[in-house]
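Structural characterization, general
What follows is the residue order along each chain.
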Amino acid sequence: MRSTRTIDISTGLFVLLGFAAILFMVTQITNREFSLMSDSYRLEAAFENIGGLKPGAPVSMAGVTVGRVEDISYDMKLLKAVVTLRIDGRYNEIPNDSDASIFTAGLLGGQYVGLSPGGSEQPFRNGDQVEFVQDAVVLENLISKYLFNSAAQESEAATTPATAPAAQE
Amino acid sequence: MTILRELLQSFLTFLERVGRLARFALQLLVITPAGLLRVRPIIEQVYNTGALSLVIIMTCGLFVGMVLGLQGYDLLTRFGSEEYLGTATALSLLRELGPVVTALLFAGRAGTALAAELGLMRATDQIAAMEIMAVDPMRRVVLPRFLGGVIAMPLLVAIFIVVGLFGAQLVGVQFFGVDSGSFWSQMRSAVELSDVREGLIKGFVFGIACSLIAVYEGYNALPTAEGVGRATTRTVVLSAVVTLILDYILTALML
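Reference entry: report on the structure contained in this document. (Residues numbered from 1 in each chain as written. Chains lettered and ligands numbered in written order. Predicted model: local features only at pLDDT ≥ 70, side-chain atom pairs only at ≥ 80, totals over all residues.)

Right, let's talk about the sheet that holds strand S2 (residues 58-61) of chain A for a bit. Residue and element names in this part refer to chain A. Sheet architecture is open: eight strands sit in the order S7-S1-S4-S3-S2-S6-S5-S8, paired in mixed fashion. The open sheet has two free edges, formed respectively by strand S7 (128-130) and strand S8 (132-134), since each of these has just one partner strand. The average undirected angle you get between the axes of adjacent strands in this sheet is 30°. With three bridges joining them, strand S5 (residues 99-104) and S8 adopt parallel strand pairing. Within S8, the position partnered with serine 101 by the bridge is glutamine 134. (Pairing = 2+ DSSP bridges. Helix = DSSP H or I, 4+ residues; strand = E, 2+ residues; numbered from the N terminus. Axes fitted to C-alpha atoms, helices over the stretch in contact; angles between N-to-C directions.)

Take a look at the structure:
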């Protein structure tokens, strides 16, 4: 039997390692950044379609992450998806006519909210509504639009040769 | 007719074992609050089950992670998306491999030790001696071992996952030259806090199951050399089967 001191020390080391591993998983692997400072403010934006946006997705301005998507809900009165954005308190001078759009990172990547600054003198305040929004681009809609367009062009192309010779005569 | 009767008989034996295990678990649950106050024996058991399993957990974690790195890289280059290696390894380690492999190793390393120790105590009449001295062996011997295992398992799972990630990073980034930045950032953007929670909950549940099976089998071992051996074997087999079944149930619940 080893002495209690050795047991205590190695148990302590083990428990410490375990908690360090948990801490590493929570802070380094996930997309949550635990800022000890609760110095941040919320904005709301109502979208017609948010695509695959999830809570925790980054909010970026010019590629710099300035906040996170905190909550997503569906407003039964507006009939829109309401996205709550939590913006870091450091970025408190964002013009209040800035617009929010939902973008996709890469072809397969996750979706994020991009803010592009407007020209207003007034900055956003806590609880403000982002007025100018642009919905997520849904790939299926794009494809169907493209298919319908090309189908329409084809049918146009099919009808024009019949009328064109008549016009020439 | 005899076959049917035998089937019925074995089914009844199975039910009896389940019932006894459940009763044993309830007994443990009842004395747990009081047992938690006696910290000293629990620390010793955390040392026995946790700290002593550390080396094997870290070694296996490293190699599981490295294999994930190899296989993941091979698979993902076919789609030209090897920057998702971090995401793939992190999710598979957090959700499945971490808890399950740790539980299997735990059953092999710590579970067998517990079962053999308790079985030997039973075989050498130490448990009977305690009962004679009016010392409750459930409180004194079984409970700290059970609690030590339950505390140690989630920590072992966490260590396994983190070491595994570094193993995957070693193979993917250092050997194959996947971009280090995209390895970690893709992982970070895809892994949710709920994935970490899922892994830890699984680790906790598997810890309860494996520790319970180990102490139950050891405590109720036949007091012979053969009985102790059979108890150890049953611990490993039962722990593995129960872990995999529980894994399916938990995954279905949390997905």
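The next subject is the interface of chain B and chain A. At the interface, 21 residues of chain B touch 19 residues of chain A. When contributions to the side of chain B that touches chain A are tallied by element, the ones reaching two or more residues are helix H2 (39-49), helix H6 (137-175), helix H7 (180-190) and helix H8 (193-219) of chain B. Top element by residues in the side of chain B that touches chain A is H6 of chain B. It accounts for five residues. A class-by-class count of the residues in the side of chain B that touches chain A yields 16 nonpolar, two polar and three charged. (Contact = placed C-beta atoms within 7 Å. Nonpolar A, V, L, I, M, F, W, Y, C, P; charged D, E, K, R; others polar.)

What follows is about H2 of chain B. Looking only at H2 of chain B, the buried set comprises Ile42, Ile43, Gln45, Val46, Tyr47, Asn48 and Thr49 of chain B. The inward-facing, buried residues of H2 of chain B contact helix H1 (4-29) of chain A together with helix H4 (85-123) and H6 of chain B. (Buried ≥ 20, exposed ≤ 12 C-beta atoms within 10 Å, placed from the backbone.)

On to unusual backbone geometry, then. Even without being glycine, alanine 62 of chain A reaches a positive phi, approximately 50°. Along the chain, alanine 62 of chain A turns up in the loop between S2 and strand S3 (64-75). Exposure remark for alanine 62 of chain A: the 9 C-beta atoms within 10 Å place this residue in the exposed category. Within the chain, alanine 134 of chain B stands out as a residue other than glycine whose phi angle is a positive 60°. Within the element layout of this structure, alanine 134 of chain B appears in the loop between helix H5 (126-132) and H6. By C-beta crowding, alanine 134 of chain B is classed as exposed, having 6 other C-beta atoms within 10 Å.

Residue and element names in this part refer to chain A. Strand direction decides the pairing type here: S2 and strand S6 (residues 111-116), joined by three bridges, are parallel. By the bridge assignment for S6, valine 59 is matched with valine 113. Bridging between S5 and S6 involves six bridges; their strand directions are antiparallel. Each bridged residue has a counterpart across the sheet, and for isoleucine 102 the counterpart in S6 is valine 113.

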